[in-house]
Amino acid sequence: MQGVLDFLLKYWVQLVDALVIVGVFPLLAGYVVLLERKVMADMQARLGPMRVGPHGLLQPLADAVKLMIKEDIIPESADRLIFWLAPVLSVTAAMLAFAAIAVGPGFLIADMNIGLLFILAISSMGIFGIVLGGWASNSHYSLLGALRSAAQLVSYEVAVGMAMVAGLLLAGTLSMKDIVLAQADRGVWFVFVAPIAFVIYLIGSVAETNRAPFDMPEAESELVAGYMTEYSGFRWALYFLAEYANMVVVGSVATTLFLGGWLRPFPSVAWLNFLDVVPPLVMLGVTGYCFYRVPRQTGKDQSFIMLIFAGICLLITLPLALVLAPVPQLAALKPGIHGAFWFIAKVMLYVYVFLWARFTFPRYRFDQLMRLGWHYLIPLSIVNVMAVATAVLLKENGVNPFVAFGGTALATVLVAMWLVRAGQAREQEAAAARAEQSA
Amino acid sequence: MDETRITGMPPVEETAVPGADEIVLNMGPQHPSTHGVLRVKLRLDGEKIEGSECFIGYLHRGVEKIAEHRTYQQFAPYVDRMDYVAAVSNGLGYCEAVEKLLGAEAPPRARVVRTILTELQRIASHLLWLGTHALDIGALTPVFYCLREREEILKIFEKYCGARLTTHAFRIGGLQYETYDGFEHDVKRFCVDFASKVDEYEQLLTGNRIWVGRTKGIGLLNSEQAIALGVTGPPLRASGVKWDIRKAMPYAAYDQYEFEIPTGKNGDTYDRYLVRMEEMRQSRRICLQAIENIPSGPIMAKVGKVLKPPPGEVYHAIEAPKGEIGYYVVSDGTTQPYRVRVRPPSFINLQALDTMVRGHLVADVVAIIGTLDIVLGEVDR
Amino acid sequence: MGNEILFYFFAGLAVLSGALVVTMRNVVHSAIFLITALLATAGLYLTLNAEFLFAVQIILYVGGIMVLFVFVIMLVNLDVALHQVQFNRQSWVAGLLSVALLAELLAALALARNSVSGSQLLPAPRLAAPGGGNTEEIGRLLFHNYVIPFEIASILLLVALVGAVVMGKKRI
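Residues numbered from 1 in each chain as written. Chains lettered and ligands numbered in written order. Predicted model: local features only at pLDDT ≥ 70, side-chain atom pairs only at ≥ 80, totals over all residues.

A. Structural view of the overall build of chain C. Across its full length, chain C carries seven helices and zero strands. Secondary structure elements of chain C occur, N-terminal to C-terminal, as α-α-α-α-α-α-α. Put simply, chain C has 172 residues, and 17% of those count as buried. Within chain C, counting contacts between residues at least 6 apart in sequence, those at least 24 apart form 50% of the total. (Helix = DSSP H or I, 4+ residues; strand = E, 2+ residues; numbered from the N terminus. Buried ≥ 20, exposed ≤ 12 C-beta atoms within 10 Å, placed from the backbone. Contact = placed C-beta atoms within 7 Å.)

Take a look at the structure:
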């Protein structure tokens, strides 16, 4: 009994954080879904959800209620244990990954010294949610979709892992917090030092989260919805949440590893300290705009909800502004609170690129997708690891860092161009062979 | 396989038991991408398609039989419901066929207005094709842009004849309605805006690596195969055959205007895409020329209220957006036709599906069905 | 104290999952319990402060090998296994032998604890260098002391990979 009490006293912060994440997680994923719908609408010359709440701001709540009260249909010949287990696995994996993410220097649940590896491990567990879901539905199409999805995830995990290794070579540690501190020490975000690794990570993470242009396994026009076909109501909501939470997790890892985590742009350049004013200014602008729009809503209740939203934005602005005060106790909180703002902003930027890509590009066919992963991304990521390692070695032996990193990056780009040329030659051969065959 | 012979795959049930790796996959009739109620049975070796068979008739409404029991004018609205995406063209073909039977000719003003509306309809049909084809391949955005432009055309149709989709815009002998005030202005404004829009679509798709990868080399149909199968319209032109009825046997007012016939080289999906994009531009060109001087005069020829064409038969074909639509009308001297047989372009083009789909993967079937631009209303009638 | 609770939890989970793997009728259920057993082993690594092994166990065993298992299970006709008899007539022989093996292991453990010569059976683990975690220690061992065996193992894996591709492809 005493042991339990000791444990609680020691770890109560982490427990509260964990509870907050479990509670906030559906809300977070729901609002990412709303963001996607609004961005999609904007790119498609329309407005998106507008009715439920002002500008659709309460749409996630309406969706959640709808999905929860829907009838729970389980196919007759489905394996009940696994049918139940699969979405639970997906969601658990997505949620667990949040435990390792460092939103600010003090804002993390578990400062593991293998943080990055832990996230990688958890995402490989998430694959099972998909595979088992497809199998449990006991439908040919679902199984095919699930197996394809899993194959795609496993293939791109290699490329993503290698890209992470390139970043790790620069950071020298697996701990999420220390990676950002390493970037603070160097004074440069790793994306500028290893841009190719970032690009590989970006492409690989789009494939890892089953997003377009790599979403063939769950594309509507192909196999209806792939492994998710037989799931409805709350179970489907869990899968959906897991997918969007995965996007945020992947964005967080990219932000931590490449985009400087919670650091503001140019953290070590003193004359750019005025950039510290940006977070409260931005939030002030958002708050002001929300207040401005309050009387312009279509009804009294919409206006009221908009007022509440504006109030929430104000509540967020206040700490951002207060920590700028020269009072030492408040200033100590500045890295944490401003750090959280910058971190979330960067993750949102990364997620925006995901959304942008989804609505711009057509879909890759499955074999083209696998070819991209195995023939291009994996060799390139391996070469990139060697290049970055060489550059780090050169830099340690006194070569100018620009020359070292720039030179090796150039070499990697040349290898990439050669890979593309070889791929085109191979495709021309295949096309010629096919033309011969049919002639 | 000897490609100049027209053979379908023998019906799937009659072949020997499929080999160890072969499975039969059924697509449809309810499927998000078969553009209507079409059932396709695919014989697969792993993921590669060995053969296919189409099952149609889900939308058969007996249009041709109905024709035998309606007067010529009463049948005209039925014709719109065949290719419901491009109703105006259907109407043009039918009205001109009956006019040929009667020996009448629509007055010049009617012919020019008919040309303008038909070309606008061609653009609208191609826009819908582009949107849905891109959507099938995974590009979620072009469909909204295409529908936005199509909306402008449908507004013009609504202002002209009161309907957007099944317009019944033409009458036998000419037009019923005079063009509304502002018709020329609307059409001109649309045509002027449209040029940049087509460029927008091309920017989004034509050079896109993924788009090219999904459409180049897919659904090959060379010119001999196309001619042997009877394929017409953009698929025929994309295979390299420069045949367009608007140039070969001009009707309405097409002989007065300058326009080009785009052709392709390889006969793959990418070429068909490029051909249709260019056709949209050429249609715009025709509209701009036509709108400059619409001749004044009567809009209806003197054909009388009760139409009793002399006994005889006529086959009249026009270049609909989907291909050659032909009407074979047989008159026995009464007010109702003896037989109206429609040569639907989608029906004949669909025959090419088997040839085009062999050797490709299942994911390509959707792209190939989309590139043929079929409308089941026309296939089944 | 907490460590002991964790150990008993993970060990019990591992043993229970292992038993369920062999007794479940449905092959996919067996696979799931194998995953649980592997996760429990990873947990045991974690209680021993070997966090790198914990993560790598999950990545490789659960995320790689078990995915492979599950792929194969799902692509193969399962009905045959469902109707087979679970326990054959020689199960009592197997049981007897298992009990004998267990007795041997327990005896070995007791010896190792109590006698001097027995302590050579289970040498005391080497503590990590201060300031280094499990990852750094393993890295140091692999790339300084045991680099040749490491490289040979990598080449072996590469040969296996190439061989699998060569044997699996329909045409080169």
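B. Summary view of the overall build of chain A. Along chain A, the regular secondary structure elements total 15 helices and zero strands. Computed over its C-alpha atoms, the radius of gyration of chain A comes to 24 Å, within 12% of the 22 Å expected for a compact globule of 439 residues. The principal-axis extent of the C-alpha atoms belonging to chain A is close to 80 × 65 × 60 Å. Residue burial in chain A is summarised as follows: out of 439 residues, 46% are buried. (Rg over C-alpha atoms; globule rule 2.2 N^0.38 Å.)

C. Quick look at the sheet that holds strand β6 (residues 312-320) of chain B. Residues and elements named next belong to chain B. The strand order across the open sheet built from three strands is β6-β7-β8, with neighbouring strands paired in antiparallel fashion. Of all the strands in the sheet, the pair left with one neighbour each is β6 and β8 (339-343). Averaged over all pairs of adjacent strands, the angle between strand axes in this sheet comes to 15°, irrespective of strand direction. Across nine bridges, the pairing between β6 and strand β7 (residues 323-331) is antiparallel. When the bridges of β7 are listed, Ala317 appears paired with Gly326. On top of the sheet, helix α3 (residues 87-102) reaches β6 and β7; it is set at about 150° to β6, its chief contact. (Pairing = 2+ DSSP bridges. Axes fitted to C-alpha atoms, helices over the stretch in contact; angles between N-to-C directions.)

D. Geometry of the domain arrangement of chain A. Each assigned domain of chain A is listed with its residue range as follows: domain 1 (1-69), domain 2 (73-263 + 357-376) and domain 3 (271-322). On a C-alpha basis, the centroid separation for the pair domain 2 of chain A and domain 3 of chain A is 32 Å. (Domains from an automatic or database assignment.)

E. Expanded view of the pairing of strand β3 (residues 48-55) of chain B. Residues and elements named next belong to chain B. Of the pairings in the sheet, the one linking strand β2 (residues 39-45) to β3 comprises seven bridges and is antiparallel in character. Looking across to β3, one finds that Leu44 is bridged to Ile49. In sequence, β2 turns back onto β3 through a hairpin of two residues, with Gly46 there showing a positive phi of about 75°.

F. Looking closely at the pairing of β7 of chain B. Residue and element names in this part refer to chain B. For β7, the buried fraction is high: seven of the nine residues fall into the buried class. Hairpin connection from β6 to β7: two residues lie between these consecutive antiparallel strands. Note that β7 and β8 share five bridges and pair antiparallel. Across the sheet, the residue bridging to Val330 is Arg339, located in β8.

G. Local environment of the confidence of the model for chain C. Per-chain confidence: chain C averages 83 in pLDDT, with 81% of residues scoring 70 or above. Element-level mean pLDDT values for chain C span from 59 in helix α4 (residues 79-83) of chain C up to 92 in helix α7 (residues 147-168) of chain C. (pLDDT = per-residue confidence, 0-100.)

H. Seen up close, the interface of chain B and chain A. Listed by partner, the interface residues are 22 residues for chain B and 23 residues for chain A. Elements with a contribution of two residues or more to the side of chain B that touches chain A: α4 (108-137), α5 (142-161), α7 (209-215) and α14 (362-372) of chain B. The greatest single-element share of the side of chain B that touches chain A, amounting to four residues, is contributed by α7 of chain B. A breakdown of the residues in the side of chain B that touches chain A according to their chemical character gives twelve nonpolar, seven polar and three charged. (Nonpolar A, V, L, I, M, F, W, Y, C, P; charged D, E, K, R; others polar.)

I. Fine view of the interface of chain C and chain A. At the interface, 17 residues of chain C touch 21 residues of chain A. For the side of chain C that touches chain A, the secondary structure elements donating two or more residues are α2 (27-47) and α3 (51-75) of chain C. Element by element, the count of residues in the side of chain C that touches chain A is highest for α3 of chain C, at eleven residues. Counted by class, the side of chain C that touches chain A contains eleven nonpolar, five polar and one charged residues.

J. Quick look at the confidence of the model for chain A. Looking at chain A as a whole, its pLDDT mean stands at 84, while 95% of the residues score no less than 70. When pLDDT is averaged over each element of chain A, helix α8 (residues 195-208) of chain A comes out on top at 92 and helix α9 (residues 220-223) of chain A at the bottom at 50.

K. Spotlight on the arrangement of the chains. Here two pairs of chains are in contact, and chains A and B lead that list by number of contacts. The two units chain B and chain C remain apart, with a minimum C-alpha distance of 12 Å.

L. Region of the structure containing the sheet that holds strand β1 (residues 22-27) of chain B. Residues and elements named next belong to chain B. Reading across the sheet, the three strands line up as β1-β2-β3 and stay open at both edges, with antiparallel pairing between neighbours. Two strands lie at the open edges of the sheet, namely β1 and β3, each paired on one side alone. With direction set aside, neighbouring strand axes in the sheet form an average angle of 20°. Note that β1 and β2 share six bridges and pair antiparallel. The partner of Leu25 across the bridge, within β2, is Leu42.

M. How the structure looks around the nonpolar core. Residues and elements named next belong to chain A. One finds Val131, Tyr201, Val249 and Val388 to be the most contacted residues of the largest nonpolar core, which totals 241 residues. For this core, the leading source of residues is helix α5 (residues 140-171), giving 16 residues. Dropping the residues within four chain positions of it, Tyr201 is found in contact with Val160, Ala163, Met164, Ala254 and Phe258. (Core = buried A, V, L, I, M, F, W, Y, C linked by C-beta atoms within 7 Å.)

N. Quick peek at the packing of helix α6 (residues 183-205) of chain B against helix α11 (residues 269-292) of chain B. All names here are of chain B. It is at 10 Å that the axes of α6 and α11 come closest, and there the two elements cross at 160°. Between α6 and α11, the interaxial angle falls into the category roughly antiparallel. In this structure, the crossing between α6 and α11 has a hand that is left-handed. Note on element contacts: α11 touches α6 through Met277, Met280, Arg281, Arg284, Cys287, Leu288 and Ile291, opposite Glu184, Val187, Lys188, Cys191, Phe194, Ala195, Val198 and Glu202. Tallied by class, residues from the contact of α6 with α11 come to ten nonpolar, no polar and five charged. (Parallel < 35°, antiparallel > 145°, perpendicular 65-115°, else oblique. Left-handed = near helix turned anticlockwise from the far one by under 90°.)

O. Region of interest: unusual backbone geometry. Even without glycine at this site, Ala45 of chain A takes up a positive phi of about 60°. Within the secondary structure, Ala45 of chain A is located in the loop between α1 (2-43) and α2 (59-68). Backbone geometry at Asn49 of chain C places phi at a positive 65°, although glycine is not the residue there. Position of Asn49 of chain C relative to the elements: it lies in the loop between α2 and α3.

P. Layout of the environment of Val165 of chain A. All names here are of chain A. Examined against the element boundaries, Val165 turns out to sit in helix α5. With 17 C-beta atoms packed within 10 Å, Val165 lands in the partly exposed category. When the C-alpha positions of Val165 and Glu76 are compared, they lie 46 Å apart, and in sequence the two are 89 residues distant.

Q. Geometry of the environment of Val314 of chain B. Secondary-structure assignment places Val314 of chain B in strand β6. What Val314 of chain B contacts, discounting residues up to four positions off in sequence, is Ala97, Lys100, Leu101 and Val329 of chain B.

R. Structural context of helix α12 (residues 300-322) of chain A. Residue and element names in this part refer to chain A. With 23 residues, α12 ought to run about 33 Å at 1.5 Å a step, and its terminal C-alpha atoms sit 33 Å apart, in line with that. Taken together, the buried positions of α12 are occupied by Gln302, Met306, Phe309, Thr317 and Leu320. Buried positions along α12 lie against α11 (278-293) and α13 (328-360). (Expected span 1.5 Å × (residues − 1).)

S. Looking closely at the packing of α3 of chain C against helix α6 (residues 134-145) of chain C. Residue and element names in this part refer to chain C. Packing of α3 against α6 leaves a shortest axis separation of 7 Å and a crossing angle of 85°. Considering their axes alone, α3 and α6 lie roughly perpendicular with respect to each other. For the pair formed by α3 and α6, the contact residues are Glu51, Phe52 and Leu53 on the first element and Asn134, Thr135 and Ile138 on the second. Here the residues of the contact of α3 with α6 are counted per class, giving three nonpolar, two polar and one charged.

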